[in-house]
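Spelled out, the chains give:
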Amino acid sequence: MGVDDVLLDDKAKRMRDLLSSFYSPSTTPNASSRFATLDTINTTTFDADQYMNLLVQKSNLEGLLQRHVDMAAEIKNLDTDLQMLVYENYNKFVSATDAIKRMKNNIVGMETNMEQLLEKIMSVQSRSDGVNTSLFEKREHIEKLHRTRNLLRKVQFIYDLPARLAKCIKSEAYADAVKYYIGAMPIFKIYGDSSFQDCKRASEEAVATIIKALQGKVFSDSESIQARAEAVMLLKQLDFLVNNLKVQLFEKLEQFLVDLHLEFKEIRNASSDLGGISVSISSSAHEASIHEFAEAVRAYQVIFPDSEQQLFRLAKDLATKHFEATKQQIKKQLSSADLVAVLRVIWTDVLLMDEVLPEAGLRDFTFEAAHDAIKQYVAGRFSHLLLDISGTLVKVHDNQKGVIEEECPLQAALEISKKALVQGSMDALLDTRRLLDENLEVLSRLTDLIIEWVREGFQDFFRNLNDQFLVLSGKKYSANQDLTFGEGTQGDKVLPELVLLLAQLSVFIEQNAITRITEEIFSFSGGGTRGYETSPAFIPAEICRIFRSAGEELLQHYISLKTQKILIVLKKRFTTPNWVKHKEPREVHMFVDLLLQELDTILNEVKQILPEGLHPKHRRTDSNGSATSSRSNPLRDDRLVRSNTQKARSQLLESHLAKLFKQKMEIFTKVEHAQESVITTIIKLFLKSLQEFVRLQTFNRSGFQQIQLDIHFLKTTLKHTAEDEAAIAFLLDEVTVAAAERCLDPIPLEHAILDRLTQAKLAKNSEQSSTSY
């Protein structure tokens, strides 16, 4: 807690103590307290002498002075608080006094007015009693004659009732017949079994006929709503149980709804077959059906006014079933034109039902259902787009497995993937734009949400697409990857060339696709204040960062896969022979051909997809790793000759360590999406691995010379392939030196012999190439 909080707590505590001391009875302090402390000054048992003694014992002079200052400030604060307390109580007493004075002034004169009012009331009451007394006898006689007259009329009405009912049945005046019969019911209940027995029996037979006629009116669709409602009301007056009629009519409405839904489904399917023409959806048959259903609901509402909740549920079921059918079609990739046509029909039906049941809240219910359906449509649109891209990549995968033969399969696959991505995104925007261009209320209210869903859809689409890339490249495992991409994406079955394609496609997405799609989204949302810059739903910078990282990761993965394949050749080469008993070299070993063949495959792949580098190759004369700093010089050859002695080995090691500190050659640089950069990196990696394999072996003189010959041939063949020629030459020299260090008798071959064997190998390769063509 801060200092201010502590001061507020102290002040509140002092105020409570003041109020307690003012309103509560004081207690006698315990003078015998033997354990007084410095904190007991605020208690009722405070002893001043003990407090002073304890304060003097525990505090020095400076502490006493400080305590004096603090106590003086506390006393001053207490005086101020007490003054404020007294002033506030004084104000309350003054306000109460003023209120009492106002009440006293308002009551003055009220007693006189009340006495006058009482006198007038007594006068009115006395006059009323006089009038009642004078008219009492005449009123009694008149009422007696009136009762007699009414009784005679009722008796005559009972005798005439069967004839009246027959006339009403003949003229279908059922309302009058029911009214007459209900009027005679009290007399029939009392005298129906004695004096009016025949009249009662004839009347009941007529009423039975009336009930049958009214039931027929209720179930007759040709009757008007008012006539059917009046029939139900008359049946209720006759104590006829209409619950069965209510249930039967409602079941009839539900069956009508089922039939209407099926008919709508057929019409919508027909519209889909015709290419989404809205005219076929809004056919006259459907309009007639929905109007008939609305009239039936209106009649039911009038007939049974207490059935509103059932009708509300029935109306919502109509919209629900429409949207359920629509969602099923959305899952099958419904076009935007068909969706708009279906929504138009649904909205027309809703407006018609809303006129019949305005309190059902059917519009709001429909907006919520349309909200879910359109959101599902937008999400489904991007899901289908993702499936289309995945399908394209599956074709690329099959192509690389040999299913399809093309001259430049990777280049064609890259262009197809780019087109599928960009065109699919544009089509998705175009479809959703059609939703916004339609003049339909249910869509107009969802405009902003549709724009947000599109942005979120693109954000999620690119994230999922990145995940798909990682799954396809084997960098990430997905539970359903087998169903999506087949068996060629797991573990060692990953195709390196497909990984290279994904890497370049990631670069295209970052550098081109995102920019174009962002511009289209900005135009799609109107380019106003709700542009993509202010919306967190779609963040182009994040997507670019994701695919920039993915492109680098996939390119490194491609290099790693290709390097691993080369390492298999190197491992087999160095673990198979016995290097201590190696024979004298006669020609370049065939493993060099395998390495060069693999490099040619890599070069062919990268040339199809990757662009050429913008930087010139690093020649040995342009680099710190120049001929003067290389280990391939006469001094090194002399050192190799003397390396069979321990002294020569020590000098070689010292020289090698010295060069590590003197030479500033950057071997491994950042890999760029360029042909030369990828090839050079792979060559550097496999040369570095070659050096490590050499360091793990022990060579005789012939084994060392074989390594020397192979490296000399690689120098000749790789100098025009790699981008950084100086670094490649340096690494090749490192392999030779490592072999010399691990050799029992490191006497190198003469340069003339190396050149002759190299030229022979080149001639042989050239002859084989011409023969194969």
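Just so it is clear, the structure is predicted and the values come from calculations on it, not from any experiment.

Observations concerning the overall build of the chain
The number of helices and strands found in the chain is 26 helices and zero strands. Expressed as a percentage of its 773 residues, the buried residues of the chain come to 40%. For the chain, contacts bridging at least 24 residues in sequence account for 78% of all contacts bridging at least 6. For the chain, the accessible surface area stands at approximately 44700 Å², while carbon and sulfur atoms represent 54% of it.

Details of helix α16 (residues 447–472)
With 26 residues, α16 extends 37 Å from end C-alpha to end C-alpha; this agrees with the ideal 38 Å at 1.5 Å per step. G474 sits one or two positions beyond α16 and adopts a positive phi of about 80°.

A short note on a nonpolar patch on the surface
On the surface, M110, M114, L117 and I121 cluster together into a nonpolar patch covering about 410 Å² of accessible area. By the element assignment, L117 lies in helix α4 (residues 110–171).

Points about the nonpolar core
Proteins that are soluble and globular tend to have nonpolar side chains buried together. Of all hydrophobic cores here, the largest spans 138 residues; its most connected members are F462, L465 and I509. Each residue touching L465, except ones within four places of it in the same chain, is listed here: L386, I389, L421, I509 and F547. I158, C168, A206 and L235 belong to the second-largest nonpolar core, a separate cluster that totals 22 residues.

Quick word on the environment of K684
Structurally, K684 is set in helix α23 (residues 675–695). Overall, the relative accessible area of 4% leaves K684 in the buried class. Put simply, K684 and L731 are 47 residues apart on the chain and 7.3 Å apart in space, counted from C-alpha to C-alpha.

Points about the pattern of salt bridges
Applying the stated rule across the entire model yields 17 salt bridges. Its salt-bridge partner being E692, residue R695 comes within 3.4 Å of it at the nearest N-O pair. Placement of both R695 and E692 in helix α23 is noted, with a separation of three residues, approximately one turn of the helix. Given a relative accessible area of 36%, R695 falls into the partly exposed group. On the basis of relative accessibility, which here comes to 37%, the residue E692 falls in the partly exposed class. The salt bridge involving R701 is made with D745; its shortest N-O contact spans 2.4 Å. Taken as a pair, R701 in helix α24 (residues 701–718) and D745 in the loop between α25 (725–741) and α26 (751–772) lie far apart in primary sequence, 44 residues in all. Put simply, K562, K565, E598 and E605 are held in one network by salt bridges that share partners.

A closer look at the packing of α16 against helix α19 (residues 540–575)
Closest axis-to-axis distance for the α16/α19 pair is 10 Å, and the angle between their directions is 10°. Taken together, the axes of α16 and α19 are roughly parallel relative to one another. Across the interface between the two elements, Q459, F462, R463, L465, N466, F469 and L470 from α16 touch E542, I543, I546, F547, A550, E553 and L554 from α19. Of the residues in the contact of α16 with α19, the class split is nine nonpolar, two polar and three charged.

Observations concerning the packing of helix α20 (residues 590–609) against α24
Between α20 and α24, whose axes approach to 11 Å, the crossing angle comes to 25°. When the interaxial angle is binned, α20 and α24 end up roughly parallel. You can see that α20 and α24 cross each other, and the crossing is right-handed. Listed contacts from α24 to F591, V592, L596 and L599 of α20 are D710, F713, L714, T717 and L718. Tallied by class, residues from the contact of α20 with α24 come to seven nonpolar, one polar and one charged.

A word on the packing of aromatic side chains
One pass over the full model with this rule turns up eleven aromatic pairs. Judged by centre distance (6.3 Å) and plane angle (25°), the ring pair of F458 and F462 falls under stacked. Separated by four residues within a single helix, F458 and F462 lie in helix α16, roughly one turn from each other. By relative accessible area, which is 0% here, F462 ends up buried. With a centroid separation of 5.0 Å and 65° between ring planes, the pair formed by F461 and F462 is classed as edge-to-face. For the pair F461 and F462, a shared accessibility class is recorded, and that class is buried. Cluster of aromatic residues (ring-pair linked, three or more members): F382, F458, F461, F462, F469 and F547. Residue placement shows R445 over the ring face of F367; its charged tip is 3.5 Å from the ring centre.

Focus on the environment of S336
Note that S336 resides in helix α12 (residues 336–356). Residue class for S336 comes out buried when judged on its relative accessible area of 1%. As for S336 and L430, which are separated by 94 residues in sequence, their C-alpha atoms are 9.1 Å apart. A distance of 3.1 Å separates the side chain of S336 from the side chain of R434, its partner in a polar contact.

Quick word on the environment of L414
Its place among the elements puts L414 in helix α14 (residues 409–437). Accessibility expressed as a relative area gives 4% for L414, which makes it buried. For the pair L414 and L498, spaced 84 residues apart in sequence, the C-alpha to C-alpha distance is 9.8 Å. Residues in contact with L414, not counting those within four places in the same chain, are L501, Q504, L505 and I609.

Details of the confidence of the model for the chain
Counting all residues, the mean pLDDT for the chain is 75, and 74% of those residues have values of 70 or more. Counting interchain partners and residues more than four positions distant, the pLDDT-below-50 stretch residues 481–492 has 26 contacts. Here residues 661–665 is modelled with pLDDT under 50, and outside its nearest four sequence neighbours on either side it reaches ten contacts, counting other chains as well.

Conventions adopted
Position labels on residues start from 1 in each chain and follow its written sequence. Restriction of local features to residues with pLDDT of at least 70 applies here, the model being predicted, together with a cutoff of 80 or more for giving and counting side-chain atom pairs; totals for whole chains, interfaces and linings are based on all residues. To obtain the side-chain values, all non-hydrogen atoms of the structure were used and water was disregarded. Runs of H or I in DSSP of at least four residues are treated as helices and runs of E of at least two as strands, each being numbered from the N terminus. In this scheme, a residue with accessible area under 20% of its type's maximum is buried, one over 50% is exposed, and one in between is partly exposed, where area comes from a 1.4 Å probe on protein chains only. The contact criterion used is simple: two residues touch if any of their non-hydrogen atoms lie within 4.5 Å. Per-residue and other accessible areas were derived by the Shrake-Rupley procedure at a 1.4 Å probe size, with only the shown protein chains allowed to occlude residues. Expected span, for any helix, means 1.5 Å times one less than how many residues it has. Within the patch definition used here, like charges are joined within 9 Å and nonpolar side chains (Val, Leu, Ile, Met, Phe, Trp, Tyr) within 5 Å, considering only residues with over 30% relative accessible area and no salt bridge. Here a salt bridge means any side-chain nitrogen of Lys or Arg lying within 4 Å of a carboxyl oxygen belonging to Asp or Glu. Residue types Ala, Val, Leu, Ile, Met, Phe, Trp, Tyr and Cys, when buried and joined through side-chain atoms within 4.5 Å, form a set referred to as a nonpolar core. Lines fitted to the C-alpha atoms define the axes, with helices restricted to the stretch that makes contact. Angles between their N-to-C directions range from 0 to 180 degrees. An angle below 35 degrees is treated as roughly parallel, one above 145 as roughly antiparallel, one from 65 to 115 as roughly perpendicular, and anything else as oblique. Three residue categories are used. Nonpolar comprises Ala, Val, Leu, Ile, Met, Phe, Trp, Tyr, Cys and Pro, charged comprises Asp, Glu, Lys and Arg, and polar comprises the others, including Gly. Crossings are assigned a handedness: left-handed for a near helix turned anticlockwise from the far helix by less than a right angle, right-handed for a clockwise turn. Aromatic pairs are defined between Phe, Tyr and Trp rings, using the six-membered ring for Trp, whenever the two ring centres lie within 6.5 Å; interplanar angles under 30 degrees are classed as stacked, those over 60 as edge-to-face, and all others as tilted. Over a ring means this: the NZ of a Lys or the CZ of an Arg is within 6 Å of the ring centre and within 35 degrees of the ring normal. Here a polar contact means two N or O atoms within 3.5 Å. Within protein one must be a hydrogen donor candidate and the other an acceptor candidate, and residues neighboring in sequence count only if both atoms are side-chain atoms. pLDDT is defined as a per-residue confidence score from the predictor, taking values between 0 and 100.

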